[in-house]
Structure formats: structure tokens, C-alpha cells
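# Observations on the model geometry
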Amino acid sequence: MVEKRAANKVTLEVRAASISKPPIKLWLGIELVFLTLVVACAWFLQIIVSPSGSTIAMSCLLGGMVAIIPHAYFAGLAWRYTGARSASRMIKSIYRGESGKFILTLVGFGLIFVSPLPVQPVVLFASYAVLLVLQMGLAARFSNTQ
């Protein structure tokens, strides 16, 4: 509630509380650019260490994509609704998004390990973890700007 004073009258202005949507496209764009830089660094490192194999960069790319694709799915569902009138739909959407994110992550790792692609599990999980940390950092950054 904000109080405004005009001459001898006191008027009250009521502002509705609302949660604004985070910049999802910007957020995912930052993640993709970061993943591209990590994969480029891994590819460069791979050329120096072992020019014959391509498992380091491929593992980085796959681990990052397993983090980004489910996050994009969750973000699309979680921020579909806004406002107090759609609070119940918003909660259901968040639960669906989180469940879908979990399932997509499991399916992603399952497909990677079942496939004949040569991956290095340590690099795969490391790039996945780095992208999760980036997501948490971006969440903290975008929540403080509102």
C-alpha cells in the first residue's frame, strides 16, 4: 500500500502484488552460449591431449544438453500462468514441469549410456553439474533483479 498526500487530503493507492516472469529466453540463451564455450574449450583441449578421439567434447555437449533441455521444458511449463486467479493452475504446472524435468533427465542419461556413442562419464557428469550450477546462479541473479 502506498500513501499519497495531496494538499490536505490523504489518498491511498493500492498496488497488486505480482510475480513477473523471469527472462526465460535470455536465461536459456546464456546457458547455450556458456555450453558452446565449454564445448569449444573441451574440443581444443581434446586436440592437444588426444587428436584421434572426440569423446571429451562430445561428452561435454551431451552432459550440457541433458541439463538444458529439461530446464527449458520446466521453464516453459512453470511460467505459463501468472496472477492470483491462476494460482492453482500455476502450482499444477510447476509440479508437472518438475516431474517432466526429472523424467527427461533420466531418459537423457539413459539414452546416452545405452547408445553406442563413446562418452566419458566423468566429463559427462561434470558438464551436467557445471550447467546446473550455472542455472542456480542465473536463478539467483534474475530473482534479485525483480
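Residues numbered from 1 in each chain as written. Predicted model: local features only at pLDDT ≥ 70, side-chain atom pairs only at ≥ 80, totals over all residues. Heavy atoms only, no water.

### Things to note about the overall build of the protein
Test applied: Each helix is a run of H or I in the DSSP string that is no shorter than four residues. Each strand is a run of E no shorter than two, and both are numbered from the N terminus. For every residue, the accessible area (1.4 Å probe, protein chains only) is compared with the maximum for its type, and the residue is labelled buried under 20%, exposed over 50%, or partly exposed between those bounds. Residue contacts are defined here by distance: any two heavy atoms, one from each residue, within 4.5 Å place the two residues in contact. Residue burial considers only the protein chains on display, and all accessible areas are found by Shrake-Rupley using a 1.4 Å probe.
For the protein, the count of helices and strands is 4 helices and 2 strands. The buried share of the protein, taken over its 146 residues, is 32%. Contacts in the protein between residues at least 24 apart in sequence constitute 63% of all its contacts with a sequence separation of at least 6. Accessible surface, the protein as shown: approximately 9900 Å² in total, 70% of it carbon and sulfur.

### Notes on the layout of surface pockets
Quick note on the threshold: Detection works on a 1 Å grid of protein atoms alone, calling trapped sets that fit a 1.4 Å probe cavities and calling open sets with protein on both sides within 12 Å along at least five of seven lines pockets, with lining residues defined by an atom within 4 Å of a point. Grid points are joined across faces, edges and corners, and a volume is the space filled by probe spheres set on the points. Polar here means any residue other than Ala, Val, Leu, Ile, Met, Phe, Trp, Tyr, Cys and Pro, which are nonpolar, and Asp, Glu, Lys and Arg, which are charged; Gly is therefore polar.
For the second largest pocket, the calculated volume is near 160 Å³. What lines the second largest pocket is M65, V66, I69, P70, L104, V107, G108, L111 and I112. For the lining of the second largest pocket, the secondary structure elements donating two or more residues are α2 (55-78) and α3 (87-114). Tallying contributions element by element places α3 first for the lining of the second largest pocket, with 5 residues. When its residues are assigned to classes, the lining of the second largest pocket shows 8 nonpolar, 1 polar and no charged.

### With respect to the nonpolar core
What counts here: Note on terminology: a nonpolar core comprises buried Ala, Val, Leu, Ile, Met, Phe, Trp, Tyr and Cys residues joined through side-chain atoms within 4.5 Å.
Residues I112 and L131 are the most contacted members of the largest nonpolar core, which totals 21 residues. If you list the elements that add at least two residues to this core, you get α1 (24-49), α2, α3 and α4 (121-144). Apart from residues no more than four positions distant in its own chain, I112 is found in contact with L62, V66, V119 and L124.

### Remarks on a nonpolar patch on the surface
For clarity, the cut-off: Patches were defined on residues exceeding 30% relative accessible area and lacking a salt bridge, with like-charge contacts within 9 Å and nonpolar side-chain contacts (Val, Leu, Ile, Met, Phe, Trp, Tyr) within 5 Å. What makes a salt bridge here is a side-chain nitrogen of Lys or Arg within 4 Å of a carboxyl oxygen of Asp or Glu, nothing more.
Among the surface-exposed residues, W43, F44, L45, I47, I48 and V49 lie close enough to one another that they form a single nonpolar patch of about 650 Å² accessible area. Locating W43 in the fold gives a position in helix α1.

### As for the side chain of K101
Stated precisely, the cut-off is as follows: By the counting rule applied here, Lys and Arg register as positive and Asp and Glu as negative, while His and the ends of each chain are not counted.
Mapped onto the elements, K101 comes out in helix α3. Although buried, K101 forms no salt bridge, and the nearest oppositely charged side chain, E98, lies 5.1 Å from it. Discounting residues that sit within four places of it in the chain, K101 has contacts with P70, H71, Y73, F74 and Q135.

### A word on the environment of M58
Its location among the elements puts M58 in helix α2. Along the backbone, M58 and Q120 are 62 residues apart, and their C-alpha atoms lie at a distance of 8.7 Å.

### A look at the packing of α1 against α2
Helix packing geometry: the angle between the two helix axes and the distance between the axes. Our working definition: An axis is simply a line fitted to the C-alpha atoms; with a helix, the fit covers only the stretch in contact. Between two such axes, the angle follows the N-to-C directions and lies from 0 to 180 degrees. Working definition: roughly parallel below 35 degrees, roughly antiparallel above 145 degrees, roughly perpendicular at 65 to 115 degrees, and oblique for all remaining angles.
At a minimum axis separation of 8 Å, α1 and α2 run at an interaxial angle of 170°. As far as their axial angle goes, α2 and α1 are roughly antiparallel. Across the interface between the two elements, I24, W27, L28, E31, L32, L35, V38, V39, A42, W43 and Q46 of α1 pack against T55, I56, A57, C60, L61, G64, M65, I68, H71, A72 and A75 of α2.

Purely geometric numbers; function is a separate question.
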